[in-house]
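# Inside the fold
What follows is each chain in one-letter form.
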Amino acid sequence: MAIDFKLSESIDTQRQMAQMVAEQMMRPVSRHFDEHEHDIPWDYINAMWPIMRQNPMFGAVDKPETATDPNKPKKPKTGNVRMVHLIEALSWGDAGMYLTTPGGALGGAAVAAAGTSDQKNRFLARFGDSETPVWGSMAMTEPQAGSDTSAIRTTAVRDGDSWILNGEKIYCTGGRLSLEESQGLVVVWATVDPKLGRAGMKAFVVEAGTPGMQVTKLEHKMGIRASDTAAVVFTDCRIPFDNVLGNPEIPKAEATAASADAPKGFKGAMKTFDATRPAVAASALGIARAALELLREQLSIAGIPIRDDVPVNEMSAIERDVLELEAQHKAAWLLTLKAAWMMDSGEANTVEASACKVKAGEAATVITQKAVELLGPLGYTRELLAEKWMRDAKINDIFEGTGQINRLIIARRILGFSSRELK
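Conventions adopted
Residues numbered from 1 in each chain as written. Predicted model: local features only at pLDDT ≥ 70, side-chain atom pairs only at ≥ 80, totals over all residues. Heavy atoms only, no water. UniProt positions renumbered as here; feature names shortened; annotations may be inferred. Helix = DSSP H or I, 4+ residues; strand = E, 2+ residues; numbered from the N terminus. Buried < 20%, exposed > 50% of the residue type's maximum accessible area, 1.4 Å probe, protein only. Core = buried A, V, L, I, M, F, W, Y, C linked by side-chain atoms within 4.5 Å. Contact = heavy atoms within 4.5 Å. Patch = residues over 30% accessible without salt bridge, like charges linked within 9 Å, V, L, I, M, F, W, Y side chains within 5 Å. Areas by Shrake-Rupley, 256 points an atom, 1.4 Å probe, with all protein chains shown as cover. Salt bridge = Lys/Arg side-chain N within 4 Å of Asp/Glu carboxyl O. Axes fitted to C-alpha atoms, helices over the stretch in contact; angles between N-to-C directions. Parallel < 35°, antiparallel > 145°, perpendicular 65-115°, else oblique. Left-handed = near helix turned anticlockwise from the far one by under 90°. Nonpolar A, V, L, I, M, F, W, Y, C, P; charged D, E, K, R; others polar. Pairing = 2+ DSSP bridges. Phe/Tyr/Trp six-rings, centres within 6.5 Å; stacked < 30°, edge-to-face > 60°. Lys, Arg positive; Asp, Glu negative; His and termini not counted. Polar contact = N/O pair within 3.5 Å; in protein donor to acceptor, adjacent residues only side chain to side chain.

Going by the annotation in an unreviewed UniProt entry, the name recorded for the protein is Acryloyl-CoA reductase (NADH), with Herpetosiphon gulosus given as the source organism. Looking at the Sequence similarities (unreviewed entry) heading of the UniProt record, one finds this comment for the protein: "Belongs to the acyl-CoA dehydrogenase family." Recorded in UniProt for the protein, the comment headed Cofactor (unreviewed entry) runs: "FAD".

Shown next, in the form of structure tokens:
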């Protein structure tokens, strides 16, 4: 099946609406929420909630067709392609505020990727039914286990019809919104047996208000400052047995040793990232587009045209720089569209999801840094948003798996090595 780059009327309409929201609701207050970290943009959130209830971005599921004619060809799924277009447009407005958009976010995506049908109905219904904004979040990183997820120490111990969680999670995006500001949920990755490494990892849904769970800290960050990044502590936190996503079976050490390269628990986490890494890439490229457009505008005001119809040897250094940046942006966007399209087509996209995340994270970092440089003194001041976008962009090269980790994933998949063989 060939990739069709022409947007459907439905996606194009929604993309234009998202761009309008970005221009009219996000940009005018972008600097305020950057300078007042931990203020919550309630006007934006309350305006977006009715829309997000009807059109969730994460865990996107196409609405069932109403046609009853069995001979009528089914429409191709487009939920993930739609998602990346909307995220790109909102992040053009403000990437930190986009991360406060109510909905399932990474927690919802994890449930959609690894949950059973019953769990999807039980946990995701709130993101469409609630009259007030609700958020989901995901907690994986720990103080001693940044990108090395096999070193996770948060434990889940079965006790009759319950699991009891103990441990500390950090860098939980949206942790406060999901657990303190709404009846949301967090998906917590914990080990049922530390000796099993990644094979012992499972995902558990913990709902807001569950005793034993507490948000203990909000980070002060370099960028995306409208979004909260929380530390969450679990102390004898008891949750129902069927809150474990997917297969609740605890693997035996002997069986795991024979199939150590295919730990099922860890596969659940990776399936989640296959869905969310294109979203991170799209957010990075929304920031990058904002920087490129501002750069062209300011250069035009300064009387410096960017010509793309003359030989390279006749271009100025600035012209070559700008065109190179725009080429990097376009290449990353095409990779992102492909990864999203493969998700919609039901194709495995682990390599493409990591590739677009690597390329977009790197491109956004380079583009925003270069924009600040080419804008001169104006780029380094707070008169424009260029310096903010440079700070906002870097996180996209870090969270959801660093650039280094994603390069390893790509190499292992292409070369056929396991995580033990290629570290």
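Resuming the write-up.
Let's shift gears to the overall build of the protein. A tally of regular secondary structure across the protein gives 15 helices and seven strands. The burial tally for the protein puts 51% of its 423 residues in the buried class.

Counting through the fold element by element, Gly 160 comes out in the loop between strand S2 (155-159) and strand S3 (162-173). Gly 160 sits in the partly exposed class, given a relative accessible area of 47%.

With that out of the way, let us pick up the nonpolar core. Buried together is how nonpolar side chains tend to be arranged in soluble globular proteins. Grouped together as the largest cluster of nonpolar side chains are 81 residues, with contacts concentrated most on Met 26, Tyr 44, Leu 90, Val 187 and Trp 189. The biggest single contributor to this core is helix H10 (residues 264-301), with 15 residues. Excluding anything up to four places from it in sequence, Tyr 44 contacts Val 21, Met 25, Met 26, Leu 90, Met 97, Tyr 98, Thr 100 and Thr 101. Listed in part, the 21 residues of the second largest apolar core include Leu 165, Val 186, Val 192 and Phe 204.

Let's shift gears to a nonpolar patch on the surface. Residues Ile 414, Leu 415 and Phe 417 make up a contiguous nonpolar surface patch of roughly 330 Å² in combined accessible area. If you trace the backbone, Ile 414 turns up in helix H15 (residues 403-415).

Here we come to the packing of helix H12 (residues 350-374) against helix H14 (residues 386-394). Two elements in contact, H12 and H14, have axes whose closest approach is 9 Å; the angle formed by their N-to-C orientations is 160 degrees. The angle between the axes of H12 and H14 places the two elements in the roughly antiparallel class. Handedness of the crossing formed by H12 with H14: left-handed. In this structure, H12 uses Ala 364, Thr 365, Thr 368, Gln 369 and Val 372 to contact H14, whose residues at the interface are Ala 386, Glu 387, Trp 389, Met 390, Ala 393 and Lys 394. When grouped by side-chain class, the residues that make up the contact of H12 with H14 number six nonpolar, three polar and two charged.

What follows is about the pairing of strand S4 (residues 185-191). For S4, the buried fraction is high: seven of the seven residues fall into the buried class. Here strand S1 (residues 136-139) pairs with S4 via four bridges, running parallel. Paired with Ala 139 across the two strands is Val 188, which belongs to S4. Two elements, S4 and strand S5 (residues 201-207), share seven bridges in a ladder whose sense is antiparallel. Residue pairing for S5: Val 187 is matched across the bridge by Val 205.

Attention now moves to the packing of aromatic side chains. Under the criterion given, the structure shown has three aromatic pairs. Summarising the aromatic geometry, the rings of Trp 163 and Phe 204 are spaced 5.1 Å apart at their centres and angled 65 degrees between planes, so their arrangement reads as edge-to-face. In this pair, Trp 163 is assigned in strand S3 and Phe 204 in strand S5, connecting sequence segments 41 residues apart. The exposure classification of Trp 163 matches that of Phe 204, with both residues buried. Summarising the aromatic geometry, the rings of Trp 163 and Phe 241 are spaced 5.5 Å apart at their centres and angled 10 degrees between planes, so their arrangement reads as stacked. Note that Trp 163 is positioned in strand S3 and Phe 241 in the loop between strand S7 (229-240) and helix H9 (253-258), a separation of 78 residues in sequence. Using a relative accessible area of 0% as the deciding quantity, one classes Trp 163 as buried.

Applying the stated rule across the entire model yields 26 salt bridges. Between Glu 37 and Arg 225 there is a salt bridge, with the nearest N and O atoms lying 3.0 Å from each other. Of this pair, Glu 37 sits in the loop between helix H1 (9-35) and helix H2 (42-54) while Arg 225 sits in the loop between strand S6 (213-218) and S7, and the two are 188 residues apart along the sequence. Asp 397 is the salt-bridge partner of Lys 394, the closest N and O atoms lying 3.2 Å from each other. The exposure class assigned to Lys 394 is partly exposed, which follows from its relative accessible area of 30%. When salt bridges with common partners are traced through the structure, they connect Arg 31, Asp 34, Glu 387 and Arg 391 into a single cluster.

It is worth spelling out the side chain of Thr 365 at this point. Along the chain, Thr 365 turns up in helix H12. For Thr 365, a relative accessible area of 12% puts it in the buried group.

To continue, consider the side chain of Glu 400. If you trace the backbone, Glu 400 turns up in the loop between H14 and H15. The buried charged residue Glu 400 lacks any salt bridge, with Arg 277 as its nearest oppositely charged partner at 5.2 Å. Within the structure, Glu 400 has its side chain in polar contact with the side chain of Thr 276 (distance 2.5 Å). Those residues in contact with Glu 400, other than ones at most four positions away along the chain, are Leu 106, Phe 273, Thr 276, Arg 277, Val 280, Lys 357 and Asn 406.

Further remarks concern the packing of H1 against helix H3 (residues 79-93). It is at 7 Å that the axes of H1 and H3 come closest, and there the two elements cross at 20 degrees. When the axes of H1 and H3 are compared, the pair comes out roughly parallel. By crossing handedness, the relation of H1 to H3 is classed as right-handed. Contacts between H1 and H3 involve Ile 11, Gln 14, Arg 15, Ala 18, Gln 19, Val 21, Ala 22, Glu 23, Met 26, Arg 27 and Ser 30 from the first element and Val 81, Arg 82, His 85, Leu 86, Ala 89, Leu 90, Trp 92 and Gly 93 from the second. For the contact of H1 with H3, the residue count by class is 10 nonpolar, five polar and four charged.

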